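Chain and residue survey
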Amino acid sequence: MPPATRQALTATITVFALAISFVLFTSHNNTANATSVGAGGYLDSLPGAGPAGCGSIGSNARTFVTANAPAGGVPTNDWWSSLLWKRNDCTGSDNLSAHPLSLKATTSGLGVDYPTTPTITGSATTVGEYHFEHSTDFTIGVAGLSATAMVDDWSDWTVKASWANAGRSLKTTIGHGVPFVYAEASGGDAQLTFESAPTVWSNSGKTLGVTINGHDYALFAPTGAAWTVAGASISSTLAGRGYFSIAVLPTTPQSSNTERTNLLNAFAPYAYSFITGTNVSWTFNEATSRLTTTYTFTTQAREGSTTSTVAALYPHLWKNLASGTPIANTYISPRGAMRVLTNITSFQTNMAYRGVLPELPAVGMTGADLTTLNNELNAAGAGDPFAGFGNDTYWTGKGLGRAARLAEIADLVGNNAVRDKMLSAIKSRLTDWFTATPGKTARVFGYNASWGTLIGYPASYGSDQELNDHHFHYGYYIAAAATLAKYDPAWASPSQYGGMVDVLIRDANNYDRNDRRFPFLRDFDIFAGHDWASGHANFFAGNNQESSSEGMNFDAALIQFGQATGNKTIRDAGIFQYVTQAAAIAEYWHDNTNSNFPAAFPHNTVGMVWGNGGAYATWFSAEPEMIHGINMLPITGGSLYLGYNPGYINTNLQEMRTVKPSAPAVWRDIIWEFQALSQPDAALQAWRSTSYSPEEGESRAHTFHWLRNLAALGQVDTGVTANTPLYAVFTKNGARTYVASNRSTTQITVNFSTGVSLTVQPGRTATTGAITWQGGSGPGTPPPTDPPPGGSNTFFVNTNALSTTAGTSGASAAISSAGGANWDGTPHNPVTYTACGFTGTYDSSKTTQFSLGVDAGTGVGAGVQARISYAPTGSTYTRTETYNYFATDPVNGWETYTQGAGQRASAGSPQSFSNGCIRLEVWNAIGNVATSLRVNDGQSKIVIPFTPA
């Protein structure tokens with residue numbers, strides 16, 4: 001399958017993909033141990049297929065990395081990833097879209113190009129693409145050098161490539177926005193090989209100005225050296241000093257020799273200030289809601305004293321510069337004009353953060369509309385929230401996302417039954433995925449130390465073998481966890497399952513440079529301002545990303561999870577990515593100023609951004625609704641950035657109608673929700689009058705909620721900010737409605753930049769201004785994981801609780817090792833399961849019975865022990881029964897531990913129950929190995945000696 005596809009494949013293809021994934025992960029020897037993270041954890045090796053490529057790279061991610069490179073997880077999902085992760089070209093790389101340069105590693109060295117003319121396919125009524133294709137102007141090498149290209153170093157947006165063989169070597173440093181190639185050579189003359197003889201227009205000995213294919217370059221040799229031009233070859237001994245640089249100049253074929261010479265002279269002072277590192281840092285000022293991002297260059301003066309440099313900035317950067325004035329000349333790039341700063345060691349951008357919401361306030365939900373919403377909520381809550389969703393990470397995520405939207409809006413209108421059912425389902429599913437036990441192969445995450453990655457199994461769409469789309473998949477998990485954290489902060493704490501949420505965040509976009517388990521900001525291209533979907537980037541067009549909106553879903557999830565858990569580091573990392581990526585999407589997917597796409601490209605939006613261009617297409621469909629909609633979904637309270645420019649929304653939808661004049665036939669709800677950010681009344685009317693099938697991750701309830709409330713609120717107002725991350729402002733008929741949400745346990749007062757203040761109670765969302773409203777419930781009161789026990793005295797051990805209903809998807813719970821100590825009779829790190837709300841009469845003719853599936857794998861000497869306790873009124877456990885431990889065998893496979901082992905001790909007398917609780921504790925009494933308990937499929941259960949009321 002293509003590497004970045006996710007959405008809406010046919011059922012047949014989806015089932016086939018899942019079947020292939022199942023074969024891959026079950027074919028491995030599942031001997032992984034579990035690493036604990038709070039109450040959860042992950043396997044310390046992969047239970048299924050992992051990354052693959054040339055040579056031994058599958059087992060050794062550093063196969064094409066030198067010993068000089070930084071330690072820790074290797075970068076993937078970058079513009080230069082094919083240099084490290086070789087799959088098509090096992091000695092070089094695919095095309096590297098650095099901008100303004102395009103580069104390609106071969107055994108001879110580094111091919112250099114400055115593509116300025118796009119290749120365009122398609123028409124205004126068909127799919128189409130534009131690409132600034134690589135066509136090597138010249139190759140940088142060393143005489144006699146032929147070697148495999150290696151990675152010698154990397155930083156936030158630069159990489160150093162290395163070649164070495166037979167006493168000859170070459171190293172080149174290249175980067176996003178870097179018009180220079182900095183080179184080091186030894187063992188032979190530096191050599192530039194052209195396809196034809198270049199035109200030399202300036203020659204001062206060590207500095208040469210040449211033109212090839214209409215592109216102007218400046219060549220800088222060390223002092224004392226000179227360049228020798230011989231037809232299509234230019235060489236230099238470098239006077240034995242071993243370094244040189246080459247710069248592409250921001251000229252056009254119409255530039256005069258004087259202009260070329262002036263630019264060469266302007267760049268010359270920085271030719272020997274070699275970039276050795278790049279670094280990004282960000283600061284979020286909550287009081288002013290402004291994000292300041294600093295992009296820093298580290299350099300080494302190879303001669304002279306200049307340590308400043310030159311940088312070419314993409315539109316999302318130069319349009320938001322905090323200071324500095326670019327020169328007049330610009331570079332052509334697939335992202336539009338790149339403007340140039342000279343004599344810098346850093347630059348800053350300053351951007352407004354305009355807020356996200358857990359969900360839109362229910363300001364329009366009154367009377368018949370409230371009845372309609374509740375009817376839709378009740379219909380959505382009638383069945384299994386995950387029915388119809390696949391078991392892989394992506395489709396599990398889609399199901400979690402849908403359930404989280406339903407929980408949020410149900411809470412806002414007081415439909416607690418639906419809210420609690422969705423929260424219970426989210427909690428159960430996330431806890432299952434975040435629990436790892438030896439031998440578990442499904443709904444589990446595994447870590448690969450060589451690659452520095454965490455992969456969920458079953459994987460999908462290349463998330464395992466290609467490390468595709470981790471931010472897409474995991475963003476849904478994090479968003480659902482953010483919703484759950486409001487109601488169950490204990491679950492979301494680091495000591496429980498919040499630690500696993502943090503590990504998922506770090507895998508996709510690690511915000512902590514000191515955590516070497518994962519690369520820094522894996523999926524987020526720091527200089528380009530957006531994510532990349534492909535892990536390896538082995539394509540002629542570089543890397544790619546289709547669903548920019550699912551990348552934003554990840555960013556918004558970080559903001560909300562960080563806010564809900566009080567972790568400002570996570571929150572601010574999310575704000576950095578959200579604000580930066582929103583600006584990049586507006587420029588490079590939507591081109592909402594009509595200034596970045598090539599003039600001849602007949603579309604005003606793209607479904608996919610490629611390293612060297614863009615495509616009005618998707619990996620999976622040519623339907624225009626999907627080409628447009630893939631950069632809209634999922635619609636959430638984090639989607640308001642799509643409404644920053646209402647006029648562009650109309651343009652985007654008109655483009656879709658140009659390609660397909662008839663009304664949308666698929667993903668109608670997604671299109672209406674996008675339309676509602678500009679024309680809410682028309683979108684709402686379309687929903688009321690049209691029969692449709694919801695998009696897989698959407699519900700009729702949420703779509704109606706979104707459309708009806710935007711019809712009341714109006715359009716997003718980008719001119720107002722607030723001093724809290726969870727806010728938004730809307731304008732309708734010139735009147736503003738101010739909105740804020742409070743995820744904390746104390747009252748807050750939100751101050752808006754217009755001077756308006758809004759007090760928000762704990763757990764609530766509130767509005768003021770044109771509409772005054774509040775809704776939602778207080779935080780910290782988790783709903784029951786399962787319905788009250790009701791009329792049964794049989795309790796099944798499910799993923800995280802006892803329930804009178806058996807689970808349907810078997811899983812394993814990890815029981816910690818006894819650590820060589822003797823805990824016989826005394827619970828030590830037990831796994832604990834509880835059910836409350838039981839009312840019944842004690843039956844003295846019966847005794848407690850239980851049947852527990854346990855397994856120690858091949859471990860020797862473990863003894864699993866159980867204690868069952870009773871709290872007749874739910875407050876104090878007055879009766880405990882401890883059973884003799886069960887000695888497990890050293891053979892893989894489930895064994896059955898029952899009350900037949902005998903009761904070791906008991907305390908207290910049985911009493912009849914009135915809303916009482918039953919608790920099961922299981923631990924290892926002896927041994928040095930961890931064991932497993934079977935849960936969630938009915939195999940493990942307790943039968944209590946009580947007659948239900």
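Just above sits the structure.
Figured I'd write up the structure that's included with this text.

Conventions and cut-offs
Residues numbered from 1 in each chain as written. Predicted model: local features only at pLDDT ≥ 70, side-chain atom pairs only at ≥ 80, totals over all residues. Heavy atoms only, no water. Helix = DSSP H or I, 4+ residues; strand = E, 2+ residues; numbered from the N terminus. Buried < 20%, exposed > 50% of the residue type's maximum accessible area, 1.4 Å probe, protein only. Contact = heavy atoms within 4.5 Å. Areas by Shrake-Rupley, 256 points an atom, 1.4 Å probe, with all protein chains shown as cover. Lys, Arg positive; Asp, Glu negative; His and termini not counted. Charge placed at Lys NZ, Arg CZ, Asp CG, Glu CD. Expected span 1.5 Å × (residues − 1). Pairing = 2+ DSSP bridges. Axes fitted to C-alpha atoms, helices over the stretch in contact; angles between N-to-C directions.

Glancing now at the overall build of the chain. The number of helices and strands found in the chain is 16 helices and 53 strands. C-alpha atoms of the chain, sized along the principal axes, occupy 105 × 70 × 50 Å. Burial analysis of the chain (949 residues in total) assigns 62% to the buried set. Long-range pairs, those at least 24 residues apart, make up 69% of the contacts in the chain between residues at least 6 apart in sequence. Accessible area for the chain stands at about 30,300 Å²; split by element, carbon and sulfur atoms hold 48% of it. Treating the 51 positive side-chain charges of the chain as one cloud and the 63 negative ones as another, the clouds have centres 5 Å apart.

What follows deals with unusual backbone geometry. Backbone torsion omega between His99 and Pro100 reads 5 degrees, so that peptide bond is classified as cis. Locating Pro100 in the fold gives a position in the loop between strand S3 (96–97) and strand S4 (102–106). Cis geometry marks the peptide bond from Leu633 to Pro634, where omega comes out at -5 degrees. Assignment of secondary structure puts Pro634 in the loop between helix H12 (624–629) and helix H13 (646–659).

Our focus in this paragraph is the environment of Gly399. Checked against the element boundaries, Gly399 lands in helix H6 (residues 393–412). Taking C-alpha positions, Gly399 is 24 Å from Thr765, a pair spaced 366 residues apart along the chain.

Another aspect to go through is the environment of Trp282. Mapped onto the fold, Trp282 is located in strand S20 (residues 273–285). Each C-alpha atom, one on Trp282 and one on Ser753, is 22 Å from the other, the two residues being 471 residues apart in sequence. Not counting residues up to four positions away in its chain, the partners in contact with Trp282 are Leu291, Thr292, Thr293, Phe520, Leu521, Asp572, Ala573 and Phe576.

Let us look at helix H8 (residues 470–487). In a regular helix each residue adds 1.5 Å, so 18 residues correspond to 26 Å; H8 covers 26 Å between its end C-alpha atoms and thus fits that length. For H8, the tally of buried residues reaches 18 of 18 residues, placing the bulk of the element in the interior.

A separate point is the sheet that holds strand S39 (residues 773–775). Taken in spatial order, the five strands make up an open sheet running S33-S34-S35-S38-S39, and their pairing is antiparallel. Each having just a single partner strand, strand S33 (715–716) and S39 make up the two edges of the open sheet. With five bridges connecting them, strand S35 (residues 735–741) and strand S38 (residues 765–769) associate as antiparallel partners. Directly across from Ser741, in S38, lies its bridge partner Thr765. Running at roughly 65 degrees to strand S34 (residues 727–732), helix H16 (residues 700–713) makes contact with S33, S34 and S35 of the sheet.

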